[in-house]
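Residue strings, one per chain:
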Amino acid sequence: MNKNMPIDALRSFIKIAELGSFTQAGEQLARSQSAISLQIKKLESLLEQPLFYRKGHNFELTPSGKTLKKYATQILQLNDSAFGELDSKAIVGKVRLGIPSEFAIVLLPKIVASFARENPQVALEVMCDLSRHLNDDIKRDKYDLILSLLDENHPYDRPKPNNVNQHKHFSKNDKLVWVSSSSYQSKEDEPIRLIVAPEGCIYRKRAIKHLNESNIPWQIIYTIMDLSGMRAALEEGLGITVLAERAVPDSLIAIPPPRGSKQLGTMGIALLSADGKMSEACRVLTNHIREHLK
């Protein structure tokens, strides 16, 4: 009976052999350590041979592993060469994506799941930060692509100056809303309790601006960068915040403007890249995100 060695497992095997580490191999292949370990266990079970042994903090090849490495290298080379010649649509590569944390929680799982199914050979490296930091970091080549939030009258809405080395692929406006949990209660004689991100956050800036314009007293009781921590505080009814309407988690609700204040208006959402640095994988992801944001 013929047996077949899975290509993905061989690719993980070679990477571990090169790095001597399951963890580092997983990071480079965009897989968890447990997923990598499971692949190797299945491969060892199929071959009925141990492939690695531990030496200190690293893993080294057993004699059987050294033999397999020679064949695995050839198999992968043939596999990749065949796909390169026969599948003109296959996209291979890595994309470094920067995204605000609130969009990472609500939108990213949907985007990544469908993109990964369609482009299994593209590894996504996703990092979250404030939009102002994302805009600065893409200029320093830390990201290939960023999803950035733009305040009203942002310069990207005007002709781009020559010294701005970013290209806008897509932009649209999204409504801003006040957000809390159903358990939140506010007394008229107390300041509005705010849960916000650090200075520089568009949501924080807009919330404070509108409360000040309406002469409504406010107090920041919780400052945190990560939306997961912010969401936990909101779910406990500790205060309110401002988010883009499409970024409101299912566990929270949009509420009317507090104490008769004005509507919050809109903000811009833009997909940006550094000029002249778009790989094919990056272009495919750009189109994918754009379709999800329409």
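Details of the structure are given in the entry above.
Here the structure is a predicted model, which is why all the values come from computation and not from measurement.

Participant: Just checking my understanding: could you explain the nonpolar core for this structure?
Facilitator: In globular proteins that are soluble, nonpolar side chains generally tend to be buried together. In this structure, Phe-103, Trp-178, Leu-194, Tyr-203, Met-267 and Ile-289 are the most contacted members of the largest nonpolar core, which totals 54 residues. Setting aside anything within four residues of it in sequence, one finds Met-267 in contact with Phe-103, Leu-149, Leu-150, Lys-172, Asn-173, Asp-174, Leu-176, Tyr-203, Arg-206 and Ala-244. Of all hydrophobic cores here, the second largest spans 17 residues; its members include Phe-13, Phe-22, Leu-68 and Ala-72.

Participant: Hey, could you run me through the pairing of strand E1 (residues 52-55) in this one?
Facilitator: Each regular strand shows side chains that alternate between the opposite faces of the sheet. Bridge count between E1 and strand E2 (residues 58-61): four bridges; the pairing is antiparallel. Across the sheet, the residue bridging to Lys-55 is Asn-58, located in E2. Between E1 and E2, which pair antiparallel one after the other, the connecting turn spans two residues, and Gly-56 there sits at a positive phi close to 70°.

Participant: I would appreciate a short explanation of a nonpolar patch on the surface in the present structure.
Facilitator: A contiguous nonpolar patch, built from Ile-221, Tyr-222 and Leu-238 and spanning about 230 Å² of accessible area, is present on the exposed surface. Mapped onto the elements, Leu-238 comes out in the loop between helix H9 (227-235) and strand E9 (241-244). The exposure class assigned to Leu-238 is partly exposed, which follows from its relative accessible area of 41%.

Participant: Just to check I follow, could you spell out the pattern of salt bridges for this structure?
Facilitator: Working definition: two side chains of opposite charge can pair if their charged atoms are close together. Applying the stated rule across the entire model yields 10 salt bridges. A salt bridge links Glu-60 to Lys-55; the shortest N-O distance between them is 4.0 Å. Exposure remark for Glu-60: the relative accessible area of 31% places this residue in the partly exposed category.

Participant: How do you make sense of the packing of aromatic side chains when you look at a structure like this?
Facilitator: The relation between two aromatic rings is expressed through the spacing of the ring centres and the mutual angle of the planes. On inspection of all chains with the given rule, the structure shows three aromatic pairs. For the pair Phe-13 and Phe-52, a centre-to-centre distance of 5.4 Å together with 55° between the ring planes defines the contact as tilted. Here Phe-13 is found in helix H1 (residues 7-19), whereas its partner Phe-52 is found in strand E1, with 39 residues between them in sequence. For the residue pair Phe-13 and Phe-52, the accessibility class agrees, reading buried in each case. Taken together, the aromatic side chains of Phe-13, Phe-22, Phe-52 and Phe-59 make up a single cluster linked through ring pairs.

Participant: Got a minute to help me understand the packing of H1 against helix H2 (residues 22-29) in this structure?
Facilitator: Helix packing geometry: the angle between the two helix axes and the distance between the axes. Where H1 meets H2, the closest approach of the two axes is 8 Å, and the angle between their N-to-C directions is 125°. If you check the angle between H1 and H2, you find them oblique. Crossing of H1 over H2 shows right-handed handedness. Between H1 and H2, the contacting residues are Arg-11, Ser-12, Lys-15, Ile-16 and Leu-19 on the first element and Phe-22, Gln-24, Ala-25, Gln-28 and Leu-29 on the second. Tallied by class, residues from the contact of H1 with H2 come to five nonpolar, three polar and two charged.

Participant: Would you take a moment to explain the side chain of His-210 for this structure?
Facilitator: Tracing the backbone shows His-210 in helix H8 (residues 202-213). Filtering out sequence-adjacent residues up to four positions away, His-210 remains in contact with Lys-262, Gln-263 and Leu-264.

What counts and how
Residues numbered from 1 in each chain as written. Predicted model: local features only at pLDDT ≥ 70, side-chain atom pairs only at ≥ 80, totals over all residues. Heavy atoms only, no water. Core = buried A, V, L, I, M, F, W, Y, C linked by side-chain atoms within 4.5 Å. Buried < 20%, exposed > 50% of the residue type's maximum accessible area, 1.4 Å probe, protein only. Contact = heavy atoms within 4.5 Å. Pairing = 2+ DSSP bridges. Helix = DSSP H or I, 4+ residues; strand = E, 2+ residues; numbered from the N terminus. Patch = residues over 30% accessible without salt bridge, like charges linked within 9 Å, V, L, I, M, F, W, Y side chains within 5 Å. Areas by Shrake-Rupley, 256 points an atom, 1.4 Å probe, with all protein chains shown as cover. Salt bridge = Lys/Arg side-chain N within 4 Å of Asp/Glu carboxyl O. Phe/Tyr/Trp six-rings, centres within 6.5 Å; stacked < 30°, edge-to-face > 60°. Axes fitted to C-alpha atoms, helices over the stretch in contact; angles between N-to-C directions. Parallel < 35°, antiparallel > 145°, perpendicular 65-115°, else oblique. Left-handed = near helix turned anticlockwise from the far one by under 90°. Nonpolar A, V, L, I, M, F, W, Y, C, P; charged D, E, K, R; others polar.

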